[in-house]
Amino acid sequence: KESEEESSVEGESLKKRRLPHAIIIGVKKGGTRALLEFLRVHPDVKATGPEPHFFDKHYQKGLDWYRNLMPETLPHQLTIEKTPSYFITKEVPARICRMSNSTKLVLVVRDPVTRAISDYTQILSKHGKSKSFQSSAFIRNDTTKINTSWIVIRIGLYVKHLENWLSVFPMKQIHFVHGENLVTNPGEEMRKVQTFLGLRTFITEDNFILNKTRGFPCIKKTMSSKRGHCLDESKGRKHPILPESVIAALRRFYRPFNAKFYRLTNINFHWT
Ligand code: A3P
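What you see is a predicted model, and the numbers here were worked out from it, not measured in a lab.

### Some details on the overall build of the chain
The helix and strand tally for the chain stands at 11 helices and 12 strands. Counting only C-alpha atoms and orienting by the principal axes, one finds that the chain spans roughly 75 × 45 × 40 Å. Residues counted as buried form 47% of the 272 residues belonging to the chain. For the chain, the exposed area adds up to about 14300 Å²; of that, 53% sits on carbon and sulfur atoms. Computing the positive centroid from 45 side-chain charges and the negative centroid from 26, the chain places the two 9 Å apart.

What follows is the structure in structure tokens.
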């Protein structure tokens, strides 16, 4: 008993705040919160709650400020944060590399068309009545002229943003999580993430339970739980139904960029 107490005291003294070993860099509305909450189930992972936004908004505050936002960890534990805007911010890759060139990067991607609608749904829920999707997405209501300066559209040009990261980090340091598969098959995606992060496989299909009303997997507190802990209401919102012609125009627009993204990553995400 005494030695148990001693080692726990010793453990406490080894605890300290460390800069992240891995960062979930995006994409916004890809399923980044789900991924972080799922990873948190692992005993060797500690994660920040809110998004730190250090490398895009608070960089001038310095690394000590950033480190102070991190949870306390033991030496064998991984520290992880997520800030989805990192993926699209030009300066971020070089800044992360300056912190540590061995930082592991995780990117959750989702069909850019549904991602855009998800992003727009969030804008509607935050600002109430807003301009129609069409009036922002198309120039002069012409469905052949996509407004690529609208951030909701621009984020989905994954290959463009990825090229910026690849000018700093090698491909092997970036792991791609298939956003759709994270919903339908979370166990499989989590196995791959754990392998990439060098973690023992602790999170498996047995940790999840499908919440039928919400249509999303939730985390089981104990293996025998009948109910799971679900993400809050802001995740898994109902999307507005847009005209078929709008969806078709977006699909047409993203198709060549998606094809290039598949080639670059060597993964076919099967977005249609
Ligand atoms: P929707 O609200 O459009 O369905 P992020 O956390 O990056 O903002 O992503 C939000 C998206 O995560 C949600 O978008 C939802 O589709 C997806 N998601 C993935 N797994 C989920 C889960 N287990 N519970 C809720 N949402 C999940």
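The structure having been displayed, the exposition proceeds.
### Looking at the state of the cysteines
Scanning the entire structure with this criterion turns up 1 disulfide. Note on cysteine connectivity: C218 is disulfide-linked to C230, with sulfurs 2.1 Å apart. Of note, the bridge from C218 to C230 carries an S-S torsion of about 100° and is right-handed in sense. With C218 in strand β11 (residues 216-220) and C230 in the loop between β12 (228-229) and α11 (244-265), this residue pair connects regions lying 12 residues apart in the sequence.

### With respect to helix α2 (residues 32-39)
With respect to burial, α2 is a largely interior element, 7 of its 8 residues being buried. Residues of α2 that are buried: T32, R33, A34, L35, L36, F38 and L39.

### A word on the nonpolar core
Formed by 28 residues in total, the largest nonpolar core has its most connected members in I25, F55, Y66, Y86, I96, W165 and F261. Of all the secondary structure elements, the ones that give two or more residues to this core are β2 (22-26), α4 (92-99), β6 (104-109), α8 (158-166), β9 (174-178) and α11. Sorting elements by how many residues they give to this core places α8 first, with 4 residues. Setting aside residues up to four positions removed in sequence, I25 forms contacts with T83, P84, S85, Y86, F87, I96, L105, V106, L107 and W165. By size, the runner-up hydrophobic cluster in this structure holds 23 residues, among which are L39, V45, V108 and V177.

### Details of the site of the ligand
The full set close to the ligand counts 18 residues, and T32, S118, P217, G236 and H239 are the nearest of them. A distance of 2.9 Å separates an oxygen atom of the ligand from a polar side-chain atom of K235. Coverage of the ligand by the protein chains reaches 96% of its 570 Å² of free accessible surface. For the shell around the ligand, the elements supplying multiple residues, two or more each, are α2 and β11. The dominant element in the shell around the ligand, judged by the number of residues it contributes, is α2, at 4 residues. When grouped by side-chain class, the residues that make up the shell around the ligand number 7 nonpolar, 6 polar and 5 charged.

### Comments concerning helix α10 (residues 186-196)
Among the residues of α10, those classed as buried are P186, G187, E189, M190, V193, Q194 and F196. Tucked into the core, α10 has its buried residues touching α2, β6, β9, α9 (179-184), β10 (208-211) and β11. Looking one or two places after α10, you find G198, whose phi comes out positive at around 75°.

Parameters at a glance
Residues numbered from 1 in each chain as written. Predicted model: local features only at pLDDT ≥ 70, side-chain atom pairs only at ≥ 80, totals over all residues. Heavy atoms only, no water. Helix = DSSP H or I, 4+ residues; strand = E, 2+ residues; numbered from the N terminus. Buried < 20%, exposed > 50% of the residue type's maximum accessible area, 1.4 Å probe, protein only. Areas by Shrake-Rupley, 256 points an atom, 1.4 Å probe, with all protein chains shown as cover. Lys, Arg positive; Asp, Glu negative; His and termini not counted. Charge placed at Lys NZ, Arg CZ, Asp CG, Glu CD. Disulfide = S-S within 2.5 Å. Core = buried A, V, L, I, M, F, W, Y, C linked by side-chain atoms within 4.5 Å. Contact = heavy atoms within 4.5 Å. Near = heavy atom within 4 Å. Polar contact = N/O pair within 3.5 Å; in protein donor to acceptor, adjacent residues only side chain to side chain. Nonpolar A, V, L, I, M, F, W, Y, C, P; charged D, E, K, R; others polar.

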